[in-house]
Every structure is written in structure tokens, then in C-alpha cells.
Amino acid sequence: SPAGSVYGVGPFTIDSDVCSSAVKRGILHGKGGLVRIKYNGKAEIEPMTSMHNGMKYESFAFMLPPPIIDEVSPVNGPSAGNSVITLKGKFFGLADSTPTVSVGRISCSSASWQSKTEITCSMPPSNSIVTSPVGLTVLEQRTRSRKSVTYDAPLLTGATPLNGPTKG
């Protein structure tokens, strides 16, 4: 295996094969540390320590990298809201991760996890024309899109009455 690589499966505890192998290979020093594993890209395992009956236990929590938004469509919607936008990218969670989405400072009325690479949201209404990146939070990790979404100006489709006095 390549230098710095450890292969294994199972729970990531201080006595697991992965952790023991990482210590033996010099990737983890002493009682633990940060381990990077490959899972459809980079991921991290953060060490955690707990005490039980006077014994110290160390384990590791799996964390995906921050989400990455590659695509937002459509890139505009009516100021009345209710237009569904789709975010495509990666690291959107391995299961429904209850994402939150916003356009600028305006939170979407509903965001729905579709897959680890797709999330949809219903744009909320806006009182002004806003052009802003889309914000996404997945599992407490936040990111913003490189492209902005724009609320279209309201479109006047008619007025009543059609006729009126020439003076106020």
C-alpha cells in the first residue's frame, strides 16, 4: 500500500484495526489525532475522548468535507417566490441531512435533500430585487455558490380602472 495509507473496516475506536494500523504506520501518534480517509473524495475523522468508570476511551467521528455547490438552476426567479431552485454538487450528506438553503439573507421556505449531490429549495418571496449567492448548510458545515441567483423585478400585468380623471 502507498506510504501513509491504512486500509480497514469497522468502528473507528482506539483499539480498532484502522486506528491500530494508523498508529503502527506512524499516521497517528501516541493516543490519536486527525486521520484523513478517502470516501468519494476526502473525508476526516475527528478524535473524541470520553471517560467511563475511570477509564479513558478514544473514538473517532466521521465527517464529510464542507458541501460544494457546482451548479444552481435556474439562476433567477420571481420576487413573489415559490420558484424551485436545484443545487447540484457534492458532499450534501449520505442521507437526508436536513439542509438549510438561503438566497442572500433570505431563507428558503423549504429545502429538500434529494441525494448526496442534489438539493432543491423553494425560493421565498422578496420585497426587493436581490442578486446574491446561494448559501447552503449541511451537517453544520456552510458554503456559498460561486454564481448568484437573482429575484426578477415584479412585472405589472394590468391596472384598473383603465380610464380615470386627468386631474388627481
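Cut-off values and rules
- Residues numbered from 1 in each chain as written.
- Predicted model: local features only at pLDDT ≥ 70, side-chain atom pairs only at ≥ 80, totals over all residues.
- Heavy atoms only, no water.
- Pairing = 2+ DSSP bridges.
- Helix = DSSP H or I, 4+ residues; strand = E, 2+ residues; numbered from the N terminus.
- Axes fitted to C-alpha atoms, helices over the stretch in contact; angles between N-to-C directions.
- Core = buried A, V, L, I, M, F, W, Y, C linked by side-chain atoms within 4.5 Å.
- Buried < 20%, exposed > 50% of the residue type's maximum accessible area, 1.4 Å probe, protein only.
- Disulfide = S-S within 2.5 Å.
- Polar contact = N/O pair within 3.5 Å; in protein donor to acceptor, adjacent residues only side chain to side chain.
- Contact = heavy atoms within 4.5 Å.

Engineer: Outline the sheet that holds strand β9 (residues 110–115), listing residues and values.
Structural biologist: The strand order β4-β6-β10-β9 describes an open sheet built from four strands, whose pairing is antiparallel. Only two strands of the sheet have a single partner each, and these edge strands are β4 (68–73) and β9. The mean inter-strand angle of the sheet, taken between neighbouring strand axes irrespective of direction, is 25°. Pairing geometry for β9 and strand β10 (residues 118–122), over five bridges, is antiparallel. Residue pairing in the sheet places Ala111 in a bridge with Cys121 of β10.

Engineer: Which residues make up the sheet that holds strand β5 (residues 76–78), and what values do they have?
Structural biologist: Sheet strands associate in pairs through backbone hydrogen bonding, adopting either a parallel or an antiparallel arrangement. Taken in spatial order, the five strands of this open sheet run β5-β12-β11-β7-β8, and their pairing is mixed. With partners counted over all chains shown, the strands left at the sheet margins are β5 and β8 (106–107), one partner each. Here β5 pairs with strand β12 (residues 141–152) via three bridges, running parallel. Residue pairing for β12: Gly77 is matched across the bridge by Tyr151.

Engineer: An account of the nonpolar core is requested, with residue identities and associated values reported.
Structural biologist: Ranked by size, the top nonpolar core spans 18 residues in total, and within it Leu87, Phe92, Val101, Ile119, Val134 and Leu136 carry the most contacts. Of all the secondary-structure elements, those providing two or more residues to this core are β4, β6 (84–90), β7 (100–103), β10, β11 (131–138) and β12. By residue number, the principal contributor to this core is β11, which donates three residues.

Engineer: Any details on the state of the cysteines? Residues and values, ideally.
Structural biologist: Here the structure, examined in full by the defined rule, presents one disulfide. Through a disulfide, Cys108 is tied to Cys121; the S-S separation comes to 2.2 Å. In this pair, Cys108 sits in the loop between β8 and β9 while Cys121 sits in strand β10, placing the two residues 13 residues apart along the sequence. Neither Cys108 nor Cys121 differs from the other in exposure class; each is buried.

Engineer: Which residues make up the side chain of Thr143, and what are the values?
Structural biologist: Take Thr143: it is sitting in strand β12. When its relative accessible area of 18% is taken as the criterion, Thr143 is described as buried. Within polar-contact distance, the side chain of Thr143 engages the backbone oxygen of Pro67 at 3.4 Å. Sequence-distant contacts of Thr143, that is, excluding residues within four places in its chain, are made with Pro67, Ile69, Val134, Gly135 and Leu136.

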